[in-house]
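Coordinate inspection notes
Next come the chains, spelled out residue by residue.
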Amino acid sequence: MTTPSLPFDLKPSAQPVSDADREAALADPGFGRHFTDHMVTIRWTEGRGWHDARLQPYAPLSMDPASMVLHYSQEIFEGLKAYRQADGTVAVFRPEANGERFQRSARRMAMPELPVETFVEAIDVLVRQDEAWVPSGGEQTLYLRPFMFASEVGLGINRPANEYTFMVIASPAGAYFPRGIKPVSVWLSKDYVRAAPGGTGEAKTGGNYAGAFLAQAEATRNGCDQVVWLDAVERRWVEEMGGMNLYFVRGEGEDAEIVTPQLTGTLLPGITRDSLLRIASDLGHTTGEVKISTDDWRQGSADGTISEVFACGTAAVITPVGSVRSAEGDWTVGDGQPGPITQRLRAELLGIQTGQRPDPYGWMHRIR
Ligand code: PLP
Ligand code: COI
């Protein structure tokens, strides 16, 4: 199906930040602290559909206090990255996959679906305009944040909003975990759950993250970097982390089996997760989407059958998990250091994303 794309009204900023200020931001970007000169907005209203697509200077929004999103959280978002390629051009990793997930999130939250072509075009328009903000070198990237919210004014809850705003903003990003590829420690959350069957867990919607902050604070109190969420019903099946999916390596070397918790409807279907299933299988590993319990994890770590565990996601790339803490005990994964398979997969994925390795899957979308 081809949807005619919307005309974008381009209104570039008359006062972009100076080269010196931009270079200063790019020298130590952190995560989500600096934003580029522009943003994209597209509006949707009942009866009229998508309209008024524009690129304009990055600026605060003015909102009515009764805008529905502020009360009932009808909001979804995406996260993806533009990478400076080895040849100096810029490419975005799998934007169509993010566009498709954005549509699935929209359906779950009773919001209108933006055509994938328009989603990708909005990204093209912004990255083309703000190309100077795409860092080069190291693991620095331009993180892209498309999102959509209910902009109708009103407090009724008998129906979803009849007006929405879609936007894309961009933020230069360094490594998500400032300590680099050092393994993270994780806390198994037993008192709080992220998502229940039939809920919104597989949608990328703000409320899932709002509900997670308390458990993240608990993890920090217990000396851990991140929370691992368990299933809501039995509280023993491993689901995912706050912003990353999980992978378990069983065995070692070429025969190692690489598995990830199956998508049960309560965890986010990560695009990095999906990509690694392909890469690992093409490297000759057996892969699987499985049920894995906290007991399996503890026992497998103790008897050595689980040799490595890592987390993966757009922001975090691939990060080893070195140790686990829970109300029922603590344990170390492998020798607590980044394992060889974790490092190999990370190099393969980053190689494709930065254009240093061939892209046999056609995942990189070039910005022209
Ligand atoms: N799980 C959650 C809850 C996330 O927020 C993310 C980040 O987007 C992921 C997993 C990983 O998904 P992706 O690989 O598409 O970034
Ligand atoms: C991402 O990796 O894009 C995420 O969504 C993680 C987090 C910053 C929300």
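In this text, all values refer to a predicted model and were calculated from it rather than measured experimentally. (Residues numbered from 1 in each chain as written. Chains lettered and ligands numbered in written order. Predicted model: local features only at pLDDT ≥ 70, side-chain atom pairs only at ≥ 80, totals over all residues. Heavy atoms only, no water.)

What follows covers the pairing of strand S2 (residues 38–45). Buried residues dominate S2, accounting for six of its eight residues. Pairing between S2 and strand S3 (residues 49–57): seven bridges, direction antiparallel. Bridge pairing links threonine 45 to glycine 49 in S3. Two elements, S2 and strand S8 (residues 163–173), share six bridges in a ladder whose sense is antiparallel. Note on S8: the bridge partner recorded for threonine 45 is glutamate 163. (Buried < 20%, exposed > 50% of the residue type's maximum accessible area, 1.4 Å probe, protein only. Helix = DSSP H or I, 4+ residues; strand = E, 2+ residues; numbered from the N terminus. Pairing = 2+ DSSP bridges.)

Empty space within the largest pocket amounts to approximately 750 Å³. Considering the residues around the largest pocket, the lining is formed by 35 residues, among which Arg145, Tyr176, Tyr209, Gly242 and Gly243 are closest to the centre. Each pocket or cavity is described by its volume, and for the second largest pocket that value is around 300 Å³. Every residue lining the second largest pocket is counted, 25 residues in all, and those nearest its centre are Gly138, Glu139, Gln140, Val317 and Leu350. Broken down by class, the residue content of the lining of the second largest pocket amounts to eleven nonpolar, ten polar and four charged. In terms of domain composition, the lining of the second largest pocket takes at least three residues from each of domain 1 (8–173) and domain 2 (184–353). (1 Å grid on protein atoms, 1.4 Å probe; cavity = no way out; pocket = protein on both sides within 12 Å on 5 of 7 lines; lining within 4 Å. Points joined across faces, edges and corners; volume = space filled by probe spheres on them. Nonpolar A, V, L, I, M, F, W, Y, C, P; charged D, E, K, R; others polar. Domains from an automatic or database assignment.)

Turning our attention to the packing of helix H7 (residues 271–282) against helix H9 (residues 340–353). Closest axis-to-axis distance for the H7/H9 pair is 11 Å, and the angle between their directions is 110°. With respect to their mutual orientation, H7 and H9 come out roughly perpendicular. In this structure, H7 contributes Thr272, Leu276, Ile279 and Ala280 to the contact, and H9 contributes Leu345, Glu348, Leu349 and Ile352. Of the residues that constitute the contact of H7 with H9, the class distribution is six nonpolar, one polar and one charged. (Axes fitted to C-alpha atoms, helices over the stretch in contact; angles between N-to-C directions. Parallel < 35°, antiparallel > 145°, perpendicular 65-115°, else oblique. Contact = heavy atoms within 4.5 Å.)

Under the criterion given, the structure shown has 20 salt bridges. For arginine 101, the salt bridge identified is with glutamate 78, shortest N-O distance 2.7 Å. In this pair, arginine 101 is assigned in helix H3 (residues 95–108) and glutamate 78 in the loop between strand S4 (75–77) and strand S5 (80–84), connecting sequence segments 23 residues apart. Glutamate 78 matches arginine 101 in its accessibility class, with the two residues each being buried. (Salt bridge = Lys/Arg side-chain N within 4 Å of Asp/Glu carboxyl O.)

Compared with the 20 Å implied by 1.5 Å per residue over 14 residues, the 20 Å span of H3 between its first and last C-alpha is a close match. Burial in H3 covers these residues: Pro95, Ala97, Asn98, Gly99, Arg101, Phe102, Gln103, Ser105 and Ala106. (Expected span 1.5 Å × (residues − 1).)

What surrounds ligand 2 is the set Phe31, Phe77, Gly79, Tyr143, Arg145, Lys204, Tyr209, Gly243, Thr314 and Ala315. Lysine 204 places a side-chain nitrogen or oxygen 2.6 Å from an oxygen atom of ligand 2. With respect to ligand 2, the backbone of alanine 315 contributes an N or O atom lying 2.8 Å from an oxygen atom. For ligand 2, the cavity whose grid points lie within 2 Å of the majority of its atoms is the largest pocket. Grouping the constituent residues of the shell around ligand 2 by class yields five nonpolar, three polar and two charged. Each of domain 1 (8–173) and domain 2 (184–353) accounts for three or more of the residues forming the shell around ligand 2. (Near = heavy atom within 4 Å. Polar contact = N/O pair within 3.5 Å; in protein donor to acceptor, adjacent residues only side chain to side chain. Sits in = over half its atoms within 2 Å of the grid points.)

On to the UniProt feature "modified residue: N6-(pyridoxal phosphate)lysine" (unreviewed entry) in the protein, then. Sequence positions flagged by UniProt for "modified residue: N6-(pyridoxal phosphate)lysine" (unreviewed entry) are, in local numbering, Lys204. The residue lysine 204 is located in the loop between strand S9 (184–189) and helix H5 (206–210) in this model. Judged by relative accessible area, lysine 204 falls into the buried class, the value being 9%. Each residue touching lysine 204, except ones within four places of it in the same chain, is listed here: Glu75, Ile76, Phe77, Glu78, Gly79, Arg101, Ser105, Tyr209 and Leu268. (UniProt positions renumbered as here; feature names shortened; annotations may be inferred.)

A few words now on the nonpolar core. Counting residues in each nonpolar core, the largest one holds 50 residues, and the members touching the most others are Val40, Ile42, Leu144, Met148 and Phe166. Top contributing element to this core by residue count: helix H4 (residues 116–129), with eight residues. Excluding anything up to four places from it in sequence, valine 40 contacts Phe8, Arg54, Leu55, Ala122, Val125, Leu126, Phe166, Met167 and Val168. (Core = buried A, V, L, I, M, F, W, Y, C linked by side-chain atoms within 4.5 Å.)

Our focus in this paragraph is the side chain of glutamate 75. Secondary-structure assignment places glutamate 75 in strand S4. Here glutamate 75 is buried and forms no salt bridge, its nearest opposite-charge partner arginine 145 lying at an N-O distance of 6.3 Å. Looking at glutamate 75, its side chain comes within polar contact range of the main-chain nitrogen of glycine 206, at 2.9 Å. Glutamate 75 has contacts with Val69, Met111, Phe147, Met148, Phe149, Lys204, Thr205 and Gly206, leaving out every residue within four places of it along the chain. (Lys, Arg positive; Asp, Glu negative; His and termini not counted.)

So, on to the packing of aromatic side chains. Going through the model one piece at a time under the given rule, you end up with 13 aromatic pairs. Between phenylalanine 102 and phenylalanine 119 the ring centres are 5.4 Å apart and the planes differ by 45°, which places this aromatic pair in the tilted class. Here the residue phenylalanine 102 occupies a position in helix H3, and phenylalanine 119 occupies one in helix H4, the gap between them amounting to 17 residues. Neither residue differs from the other here; phenylalanine 102 and phenylalanine 119 are each classed as buried. Measuring from ring centre to ring centre gives 5.6 Å for phenylalanine 102 and phenylalanine 166, while their planes differ by 70°; the resulting arrangement is edge-to-face. Placement of the pair is phenylalanine 102 in helix H3 and phenylalanine 166 in strand S8, with a sequence separation of 64 residues. As far as burial versus exposure is concerned, phenylalanine 102 and phenylalanine 166 are alike and both buried. Ring pairing ties together the aromatic residues Phe93, Tyr361 and Trp363, which thus form one cluster. If you follow arginine 194 out to its NZ or CZ, it ends over the ring of tyrosine 209, 6.0 Å from the centre. (Phe/Tyr/Trp six-rings, centres within 6.5 Å; stacked < 30°, edge-to-face > 60°. Lys NZ or Arg CZ within 6 Å of the ring centre and 35° of its normal.)

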